[in-house]
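The primary structure of each chain is shown beneath.
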Protein chains: 2
Amino acid sequence: MNEVLQNFREVLIEKPVDVIIRQIKELLVSGQLKPGDKLPPERKLSEQFGVGRTHVRDAIRKLEFYGILKTRPQSGTFVASIGITALGNLIADVLKIDSPSFVSLVETRVLLETASVTLACERRTHEDIIQLELSLNNYLDKAGLGIKAVEEDLMFHLTIADLSKNKALKSLLLIIIPDIIANYSIFKVCDTVTNKALSEHKALFDCIREGDGERGARIMKEHLKGVMDFAQSLVQ
Amino acid sequence: MNEVLQNFREVLIEKPVDVIIRQIKELLVSGQLKPGDKLPPERKLSEQFGVGRTHVRDAIRKLEFYGILKTRPQSGTFVASIGITALGNLIADVLKIDSPSFVSLVETRVLLETASVTLACERRTHEDIIQLELSLNNYLDKAGLGIKAVEEDLMFHLTIADLSKNKALKSLLLIIIPDIIANYSIFKVCDTVTNKALSEHKALFDCIREGDGERGARIMKEHLKGVMDFAQSLVQ
DNA sequence: AATCGCTTATTGGTCAACCAATTTCTCTTT
DNA sequence: AAAGAGAAATTGGTTGACCAATAAGCGATT
């Protein structure tokens, strides 16, 4: 298959779902639909937009996923109660196809992970340390043999996020990590196992065990610096 | 309607979609499906799980949304190429209904916004400052009259995120802000307009205009401290 | 006049059939 | 035997009809 053409087409054609979403968005920002209002029935919308009900349902699902709509079976779909202006902008932003740049992703990852390790140092329990050690060993066992251990690497980082006891933080990391991985494969980021990486993982573990948040943050930044440098080199 | 009962039922019943997602997840973690593999056709899956094809499609959509699956029309649905172990854990985590606590959300918001304002101070252009001033005035105009200006408040913060030139950062803020708003209404957070809030917004603007990142971060933390204190008071 | 109960209409949920693009197979041709 | 064209099967996409739960309307009863 021609990948380039494929991507080209993907940009050009606006999928039916996206058309509907935009239309519903316009109903919202124009004030025809206010928070708490009931949306017209799916049949009506599909007729109004001249499109199948399936597409309307898909659009509603997606909007629901973003917390903008709330549908109650056999009753109707409602606009979530949030300010209308903010809503319009939220939708516009969320649905815009502005995939964050690799630099943005890595920059944000550094931010989240630094906070993650700092919090982990403060909040980890004795059991947490045992769990983290298991995760560390999983990584060391594989990486020590010179084998790529991307999964184990990530799991170690996610475990640290777990110890931060901040679910929101961990969720956000879960969101951006797949994107980072995708970019890794696109740009063929060098992923040779270095002794540096190995010792840094060990050092991170030590910091968390000893509760040295400041040093943990420093090591994390250093640990991710390589990726950051690479990301920045792509831009120039 | 009895809201309590509603919530109760909502927890109890496992929707068909979630059942399918769990089944597909088991196919993944058990190794029957490896990254890059093609999933059985939708018809086969629906037959195998003893459920309508619609539900299978819904499940695939959701998994696709999380970046776990990738479906190509008239060709098939494939498992995204990411380590299987990490995958299993990602799915387990993402689909777990562990709504982050309010404290987590606010804590993370403080983190993101602090970084946001720091970056904005470094990277803002002349045009950015004009735009931010507009946003600020929108807020001041409404809030100055003693009217609640939640939307304008949020928009000001989002504009700052915009000036940070970090799309990932802004996207993440967009993700958690609705959650925070939801909690605001649940817990009836006091949202009286205070002179303190007004002057802090102005101060944030000044910092960004003058490029004083350090002071900007300090003010942002102070600005969100009230919310943070409230969130923590709920726990105790 | 207000309220309770039944009937009817509306609504989102579900399903099975159909469509068009893709892939696979097979037969022809070189 | 290899390559190519074309038919047949497979696949995700789409549609319209049907289902069950809810809401609305209406009339009898108190």
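Coordinates for the structure precede this section.
Residues numbered from 1 in each chain as written. Chains lettered and ligands numbered in written order. Predicted model: local features only at pLDDT ≥ 70, side-chain atom pairs only at ≥ 80, totals over all residues. Heavy atoms only, no water.

A.B. asks: Explanation requested: the overall build of chain A in the structure shown.
C.D. replies: Across its full length, chain A holds 11 helices and two strands. Taken from the N to the C terminus, the helices and strands of chain A come in the order α-α-α-α-β-β-α-α-α-α-α-α-α. Nonlocal contacts in chain A, meaning residues at least 24 apart in sequence, comprise 71% of its contacts between residues at least 6 apart. Surface summary for chain A: the accessible area is close to 12500 Å², and the carbon and sulfur share equals 54%. (Helix = DSSP H or I, 4+ residues; strand = E, 2+ residues; numbered from the N terminus. Contact = heavy atoms within 4.5 Å. Areas by Shrake-Rupley, 256 points an atom, 1.4 Å probe, with all protein chains shown as cover.)

A.B. asks: Would you take a moment to explain the nonpolar core for this structure?
C.D. replies: The tendency in soluble globular proteins is for nonpolar side chains to be buried side by side. Residues L112, I160 and I208 of chain A together with L112, I160 and I208 of chain B are the most contacted members of the largest nonpolar core, which totals 93 residues. Broken down by element, the residue count for this core peaks at 12 residues, all from helix α6 (residues 102-123) of chain B. The residues touching I208 of chain B, leaving out its near neighbours within four places in the chain, are V117, A120, C121, R124, L132, I160 and L163 of chain B. (Core = buried A, V, L, I, M, F, W, Y, C linked by side-chain atoms within 4.5 Å. Buried < 20%, exposed > 50% of the residue type's maximum accessible area, 1.4 Å probe, protein only.)

A.B. asks: Is there a simple way to think about the pattern of salt bridges in this case?
C.D. replies: Side chains bearing opposite charge may pair, as long as their charged atoms lie close to each other. Residues and elements named next belong to chain A. Enumeration according to the criterion identifies 26 salt bridges over all chains in this entry. A salt bridge links R57 to E42; the shortest N-O distance between them is 3.0 Å. With a gap of 15 residues between them, R57 in helix α4 (residues 53-65) and E42 in helix α3 (residues 42-48) connect regions that are remote in the sequence. Exposure remark for R57: the relative accessible area of 32% places this residue in the partly exposed category. A residue is classified by how much of its surface remains accessible, and E42, at 18% relative accessible area, is buried. K142 is the salt-bridge partner of E152, the closest N and O atoms lying 3.7 Å from each other. With E152 in helix α8 (residues 150-163) and K142 in helix α7 (residues 126-143), this residue pair connects regions lying 10 residues apart in the sequence. Taken together, the shared-partner salt bridges in this structure form one network comprising E42, R53 and R57. (Salt bridge = Lys/Arg side-chain N within 4 Å of Asp/Glu carboxyl O.)

A.B. asks: Would you mind showing me how to read the protein's contact with DNA strand D here?
C.D. replies: Surveying the vicinity of DNA strand D reveals 18 residues, the closest of which are T54 of chain A together with R43, R53, R57 and Q74 of chain B. Each atom of DNA strand D within 4 Å of the protein was classed as base or backbone; sugar and phosphate made up 53%. Side-chain polar atom of R43 of chain A to a base nitrogen of DNA strand D: 3.3 Å apart, as the coordinates give it. Measuring from a phosphate oxygen of DNA strand D, one finds a backbone N or O atom of E42 of chain B at 3.0 Å. Elements with a minimum of two residues in the surface near DNA strand D: α4 of chain A together with α3 (42-48), α4 (53-65), β1 (69-72) and β2 (76-79) of chain B. Ranked by the residues each element gives to the surface near DNA strand D, the list is headed by α4 of chain A, at three residues. (Near = heavy atom within 4 Å. Polar contact = N/O pair within 3.5 Å; in protein donor to acceptor, adjacent residues only side chain to side chain.)

A.B. asks: What's the story with the protein's contact with DNA strand C in this structure? I'm lost.
C.D. replies: In the vicinity of DNA strand C there are 19 residues, among which E42, R43, R53, R57 and Q74 of chain A approach most closely. Counted by atom, the contact set of DNA strand C within 4 Å of the protein is 53% sugar and phosphate. Interatomic distance of 2.8 Å between a side-chain N/O atom of Q74 of chain A and a base nitrogen of DNA strand C. Measuring from a phosphate oxygen of DNA strand C, one finds a backbone N or O atom of G52 of chain B at 3.4 Å. When residues in the surface near DNA strand C are grouped by element, the largest group, three residues, is from α4 of chain B. Within the surface near DNA strand C, the residues separate by chemical class into three nonpolar, nine polar and seven charged. (Nonpolar A, V, L, I, M, F, W, Y, C, P; charged D, E, K, R; others polar.)

A.B. asks: Help me understand the environment of L224 of chain A in this model?
C.D. replies: Residues and elements named next belong to chain A. With respect to the secondary-structure elements, L224 resides in helix α11 (residues 213-235). For L224, a relative accessible area of 4% corresponds to the buried category. Excluding residues within four positions of it along the chain, L224 makes contact with R109, V110 and E113.

A.B. asks: Looking at this model, I keep getting lost on the packing of α6 of chain B against helix α10 (residues 195-210) of chain B. Mind explaining?
C.D. replies: What describes two packed helices is the angle between their axes and the distance between those same axes. Residue and element names in this part refer to chain B. The interhelical angle for the contact between α6 and α10, taken along N-to-C directions, is 40°, at an axis separation of 7 Å. Between α6 and α10, the interaxial angle falls into the category oblique. Packed against α6, whose contacting residues are V117, A120 and C121, the element α10 presents L204, C207 and I208 at the interface. Considered class by class, the residues forming the contact of α6 with α10 number six nonpolar, no polar and no charged. (Axes fitted to C-alpha atoms, helices over the stretch in contact; angles between N-to-C directions. Parallel < 35°, antiparallel > 145°, perpendicular 65-115°, else oblique.)

A.B. asks: So what exactly am I meant to see when it comes to unusual backbone geometry here?
C.D. replies: Residue and element names in this part refer to chain A. Within the chain, Q74 stands out as a residue other than glycine whose phi angle is a positive 60°. Structurally, Q74 is set in the loop between β1 (69-72) and β2 (76-79). A positive phi angle, close to 60°, is found at K165, a residue other than glycine. Residue position: K165 is located in the loop between α8 and α9 (167-187).

A.B. asks: Would you mind going over the pairing of β2 of chain A with me for this structure?
C.D. replies: Within a regular strand, the side chains alternate between the two sheet faces. As paired strands, β1 of chain A and β2 of chain A are joined by four bridges and run antiparallel to one another. Opposite T71 of chain A, over in β2 of chain A, you have T77 of chain A as the bridge partner. (Pairing = 2+ DSSP bridges.)

A.B. asks: Honestly, helix α8 (residues 150-163) of chain B in this entry has me stumped. Any pointers?
C.D. replies: Because each turn of an α-helix spans 3.6 residues, side chains separated by three or four positions end up pointing in the same direction. Residue and element names in this part refer to chain B. Here α8 is 14 residues long and its end C-alpha atoms lie 20 Å apart, about the 20 Å a rise of 1.5 Å per residue gives. Across the 14 residues of α8, 11 count as buried, placing the element largely inside the fold. If you check which residues of α8 are buried, you get E151, E152, L154, M155, F156, H157, L158, T159, I160, A161 and L163. (Expected span 1.5 Å × (residues − 1).)

A.B. asks: Could you clarify how one ought to interpret the side chain of T159 of chain A in this entry?
C.D. replies: All names here are of chain A. In this fold, T159 is placed in helix α8. A polar atom in the side chain of T159 sits 2.6 Å from the backbone oxygen of M155. With residues up to four places along the chain from it excluded, the contact list for T159 reads Q131, L132 and S135.

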